[in-house]
Amino acid sequence: MKHEYDIFQLLVGNEHDEDYKKQPVIIQGITGSFGSTHSRLMIAYGTNIVAGVTPGKGGQTFEGIPVFDNMYEAVKSTGAKISGMFVPAPFFLNAAKEALDSGIKLLVAVPEHVPVRDSIKVLEYAREKDARMIGPNTPGVIVPHVMKVGIMPAQPFSNGDTVVLSRSGTLMYEVSYNLTKAGFGQRLCFGIGGDPINGTNLTEAFDMIRNRDDVRSVVVVGEIGGDAEELLADYLIETSFSKTVIAYIAGRAAPKEKRMGHAGAIVYGNYGSAESKFMKFEKAGVPVAKRPAEVPMLLAQRLQKTGLVDANC
Amino acid sequence: MRLLEFQGKELFNKYGISVPEACLVNSRDEAMKASAKLGYPLVLKSQVTVGGRGKAGAILKCTNDSELLPKFDVLINKEVKGELPRGILVEKVVAIKSELYLSFFLNRSRRCYSLIASSEGGIEIENVGNKVILDIQLEGLSQATAEETARKLGLEGNIHKSFVDFTMKLSKLVIDEEAELVEVNPIAVLSGDTLTALDAKVIIDDNAMFRHPELKKYEHISELERQAGKSGFSLVELDGNIAIIGNGAGLVMSTVDMVTDAGGKAGSFLDFGGRATTETIYEALEVISRIKRIRAILVNLFGGIVKTNLVAQAILDAYKNNLIDVPVFARITGAESDKAKAMLGGSQAKLYDTVEQAIHEVVLQVS
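Residues numbered from 1 in each chain as written. Chains lettered and ligands numbered in written order. Predicted model: local features only at pLDDT ≥ 70, side-chain atom pairs only at ≥ 80, totals over all residues.

For the rest of this paragraph, the subject is helix H2 (residues 28-38) of chain B. All names here are of chain B. All of the buried residues in H2 are Ala31, Ala34 and Ser35. The buried residues of H2 occupy an angular sector of 100° when the element is viewed end-on, so they sit on one face. Exposed and oriented more than 90 degrees from the buried face of H2 are Asp29, Ala36 and Lys37. On its buried face, H2 sits against strand E1 (22-25), strand E2 (42-46), helix H3 (65-76) and strand E4 (88-92). A positive phi of about 80° marks Gly39, the residue just after H2. (Buried ≥ 20, exposed ≤ 12 C-beta atoms within 10 Å, placed from the backbone. Helix = DSSP H or I, 4+ residues; strand = E, 2+ residues; numbered from the N terminus. Arc of directions from axis to C-beta. Contact = placed C-beta atoms within 7 Å.)

Structure (C-alpha cells):
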C-alpha cells in the first residue's frame, strides 16, 4: 500500500539518492536565542540545515549557513522542503504562510502559545498547498542517529523499530529514554504537540507509519484533554492493526477544568478524562502503562507473546 | 480564560445580544439599591467560574425585600466547589415562554469551530437528544446556515427571525473575540418572540490575549500565578503538601500521578519549561516557597540539554538564602549529574537515579 504522505521520504529520502539522510532543512528564526541554540544541536546531530531565515538579517551567515530575509529566497536558493519554525508565537501565522507559499511541504512548528485561530488558518492553508504541519507546541521529530528537526536532546534516543508518538515533549524523551535503556530503539519519535489543535493529529501521525515494514511496534504517549487517544483507539480497531501498540497517559490525578501546563491538557466533565482514554485503549487491546518506566516492560511482554504465537504457527 | 457570567453578558451587550436587566453587587447596600432600581421578582446569582451553580444552591430567587439581604448574605459567603464569588449578579426575572440552547466551541477533533443548537434549553446539552451540530468556517457563520439551523429546530415566524439574528451576533463574538467556547443555556423566548440570554459561559483563548488588550480587565489570577507567569512558568495549585517541579507539562503531570499512586498528595504543579538555568530554578523555588502548606519539594527534571549542576546550584542558593527550609528530593538526568550529586552532598537536598526512588522517599518524608 502506498503511503499518502511519506514522512520518511521527506525526512530521510531514498537510499540510492545522493541526498539520502541529508534532506535540506531551513530554520525560520535561526538567529534568535532559541533558534540558534537548537540549530547548533541539530547540525551536530546530523541534520542538513542549509539556510536560515530572519527578517532584516539577510546576507549574514550563521555557523557558515546563509541567512535570508524571507522564505521565498531561502527556498529558491536551496530547494528545501522542510522548515523548522522557531519564531515567536505572534509571528507564527505569517511565517508559516510565507513558508507554505514558498513551497515548503513540512512545517515543524515548535513555538508554544500560538492562538488557536492561527493554527487552524495554517492547517487549512497547508491542506490547500498539499503540505503538512507538525505542531505547534511540538518538540519536533527525530529519526534516531539520522536527523532531528526540533528541540529534543539527543541522548534519550537510539535507533530501532519502535515508533513513539507523543503529545508531550519531555514525556517523549522520558519514554524513549526508558525504551532505549531496555534495548528498544526507535525508528521515529514524533511530537504531536501540546495544543488543542494539532497540525498532524495522533491518528494522522499513526497513519504515516502504520504500514511500514521497518516498524515493529508503536508507543503512544498521551495525556488528558481532547479525544485524540480515543479516536486513535477506534482507528486501531477499525483497521485491525496487528502490530504491538502500548500506551501511556499522563494526568490521571489532575483536577478537572484546570489547564495543566499544555493548552490542550484540560478535562471538561468526562471529555478529555484519563478514564475515557483508558477505556478506549482497553477496548482496542492496547495495554496502558501506569508510569513511563512501565512502557518497555509492557512492550517486552507483548512482543514475547506475539513471538510465541508466531513460533506455534 | 473563563469569564464570569456578568463579564460574558457585558460582551454580549457589546455585540447587541439582549440580556436581562441586572446589576453586579458586592455589598448589602448595593444589593438594596439594585433591588430598588430593578424591582421584584429578582434572581441572585453567585459569580463563580465553576459550573453547576443551580444545583449547588448558588442561584436564589427573591420576591421581596425581606428575602433579599438574608439570601445575599448566604451567597456572598458561600464557596461553590471551592471558589468564593466575585460579586453577586442581581438580575430581573423575565417572563419566559420557552427556552432554547446555543453554543459555539472549538472542536478539537474536527479542528474547526462547531455550533450546537437545540430547542430544549435549560438542561445539560449532553442529555438533550434533539440538537443540531454543525461545523462553521473561521470567517463565521453564514446567514443561510443560521436560517437552516433555525428551520431544523422547528422555529417559525418571529422566533425564527430572532434566533437567526441572535445566532449571527453570537457567531461574530466568538470569531472576533477568539473564544474557545461561548454557551448560552438557556436563551429565553419572551412574549413578542424576542430572545434574551439568561446565562453566559465564555472562555477566551489565552494565547490570543495579546490581540485583545480590552479583555485584560477580566483576567483574574492569584499573586502566585502572576509571579509564575512572569517567569514563564505554568503553575497549578493543588491541595497537598508535596510541591512538584519539573521541565515539561507532561512530565510534571506524570509525576503528580505517580506521587498520588504512592499515597502522597501533590501541593503544586509547576512546569518551568525548556529553560533550566540556575536563575529559572531559583525562581521556581521562590514561587514554591510562598505556598505555606508545602512540606517537601520533588524535582523531576529530564535534562539532556540542561546542565544538572546549574540546577544543583539553584537549590544550594535557595537554602543559603533561607528561601526554602524543606527537604528537596530530586531526580535529574542530563549532563554532569555526578557533579550535581557531589555538590548537593551535606545539604537538605538529595539526588536520586530514578523518579520512583525520589517519590518513595518524599512520600515517606511527609507522612
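Let's pick the thread back up.
This part covers the domain arrangement of chain A. Residue and element names in this part refer to chain A. Split by domain assignment, chain A resolves into domain 1 (7-134) and domain 2 (155-312). Domain 1 and domain 2 are separated by 27 Å when their C-alpha centres are compared. At the junction of the two partners, domain 1 supplies 12 residues and domain 2 supplies six residues. Listed by contribution, the elements that provide at least two residues to the side of domain 1 that touches domain 2 are strand E6 (106-109), helix H5 (116-128) and strand E7 (132-134). Among the elements that take part in the side of domain 1 that touches domain 2, H5 stands out by supplying five residues, more than any other. (Domains from an automatic or database assignment.)

Okay, the interface of chain A and chain B next. With 45 residues of chain A at the contact, the number on the chain B side is 36 residues. Going through the elements one at a time, H5 and helix H6 (169-181) of chain A are the ones with two or more residues in the side of chain A that touches chain B. Of the residues in the side of chain A that touches chain B, the class split is 25 nonpolar, 10 polar and 10 charged. (Nonpolar A, V, L, I, M, F, W, Y, C, P; charged D, E, K, R; others polar.)

For the rest of this paragraph, the subject is the domain arrangement of chain B. By the assigned domains, chain B splits into domain 1 (21-92), domain 2 (98-216) and domain 3 (223-366). Taken over C-alpha atoms, the centre of domain 1 of chain B sits 42 Å from the centre of domain 3 of chain B.

Turning to the sheet that holds E2(B), a few remarks are in order. Residue and element names in this part refer to chain B. Strand order in the open sheet made by the four strands is E1-E4-E2-E3, with antiparallel pairing throughout. Here the strands that pair on one side only, and so sit at the sheet edges, are E1 and strand E3 (59-62). When the angles between neighbouring strand axes are averaged without regard to direction, this sheet yields 20°. With five bridges joining them, E2 and E4 adopt antiparallel strand pairing. By the bridge assignment for E4, Leu42 is matched with Lys92. (Pairing = 2+ DSSP bridges. Axes fitted to C-alpha atoms, helices over the stretch in contact; angles between N-to-C directions.)

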